[in-house]
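# Coordinates in review
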Amino acid sequence: MRIGELAARAGASTRQVRFYEEKGLITSTRGPNNYRDYSETTLARVQQIRELLKAGLSTRLILAIVPCLDSPRDPIVFEGVLPETVAVLERERDRLSERIDILTRNRDAMTGYLDELQRRAH
C-alpha cells in the first residue's frame, strides 16, 4: 500500500510515517515509479509504534525493542546489548506497569460512578 493509505488506516499522518521510517522503526520497498510501498505488517507496526509513543516511550527505546514486537515469545538473544539499555528498558517497563495500574483504578472508579448513575436513573 502507498504511504497515504498506510497513514489513513493507521490514524497517522504521512509525515509521521516518513519519520518512523527515517528513525528505522519501519521499512518500505520502492516500486518502479519510486513510490514507497508498505506491507500489511507495516500497518500493525505503525499502530504499535503509535501506542508505544502515546505511552511515553521514545523512538530510541522503541527502536531497541522493535525486534521483539513481531514475536516477543521467541527466545531472542542480542549480541552487544549494553547493561544501560537493559536498565532503561526495565525502568520503562516499570513505569508502564505503574501507569497501567493508575489507569485501571481510574477506569474502575469511573465504571462504579456510571453504575451508580444508571442505578439511580432507574
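Below you will find a few notes about this structure. Model, not experiment: these values are computed from the prediction. Position labels on residues start from 1 in each chain and follow its written sequence. Thresholds applied to this predicted model are a pLDDT of at least 70 for local features of residues and 80 or more for the giving and counting of side-chain atom pairs; totals over whole chains, interfaces and linings are not thresholded and use all residues. In computing side-chain values, all of the structure's heavy atoms are included and hydrogens and water are not.

## Details of the overall build of the protein chain
- A run of DSSP states H or I qualifies as a helix once it reaches four residues; a run of E qualifies as a strand once it reaches two. Both are numbered from the N-terminal end. Helices and strands together make up the secondary structure of the protein chain, namely five helices and two strands.
- The C-alpha radius of gyration of the protein chain comes to 19 Å, more than 25% above the 14 Å expected for a compact globule of 122 residues.
- Summary of the burial criterion: residues with accessible area below 20% of their type's maximum are buried, those above 50% are exposed, and those between are partly exposed, where the area comes from a 1.4 Å probe applied to protein chains only. Relative to its full complement of 122 residues, the protein chain shows a buried share of 22%.
- Contacts spanning at least 24 positions in sequence make up 56% of the contacts within the protein chain whose residues lie at least 6 apart.
- Here the protein chain displays about 9,000 Å² of accessible surface, and carbon together with sulfur accounts for 54% of that area.
- Under the convention used here, Asp and Glu are negative, Lys and Arg are positive, and both His and the chain ends fall outside the count. Note on charges: their place is set at NZ of Lys, CZ of Arg, CG of Asp or CD of Glu. Measuring between centres, the 20 positive side-chain charges of the protein chain sit 6 Å from its 18 negative side-chain charges. Only C-alpha atoms enter the radius of gyration, while the globule expectation follows 2.2 Å times N to the 0.38, with N the number of residues. Note on contacts: a residue pair qualifies if any of its non-hydrogen atoms lie within 4.5 Å across the two residues. Where accessible areas are quoted, they stem from the Shrake-Rupley method and a 1.4 Å probe; at the residue level, only the protein chains shown are allowed to cover.

## Notes on the pattern of salt bridges
- Here, a salt bridge means any side-chain nitrogen of Lys or Arg that lies within 4 Å of a carboxyl oxygen of Asp or Glu. Throughout the structure, instances matching the rule amount to nine salt bridges.
- Between Glu51 and Lys54 there is a salt bridge, with the nearest N and O atoms lying 3.3 Å from each other. Residue Glu51 and its partner Lys54 are located together in helix 3 (residues 40-54), separated by three residues, close to a single helical turn.
- Taking the shortest distance from any N to any O, the salt bridge between Arg120 and Glu116 comes out at 2.7 Å. With a gap of four residues between them, Arg120 and Glu116 both fall in helix 5 (residues 83-121), about one helical turn apart.
- Salt bridges linked by common partners bring Glu5, Arg9 and Glu40 together as one network.

## Comments concerning the nonpolar core
- With 21 residues, the main nonpolar core has Leu6, Val17, Ile26, Tyr38, Val46 and Ile62 as its most contacted residues.
- When contributions to this core are tallied by element, the ones reaching two or more residues are helix 1 (3-10), helix 2 (14-22), helix 3 and helix 4 (59-70).
- In this view, Ile62 contacts Leu25, Ile49, Leu52, Leu53 and Leu57; residues no more than four positions away in its chain are not counted. For this analysis, a nonpolar core means a set of buried residues of the types Ala, Val, Leu, Ile, Met, Phe, Trp, Tyr and Cys, connected via side-chain atoms within 4.5 Å.

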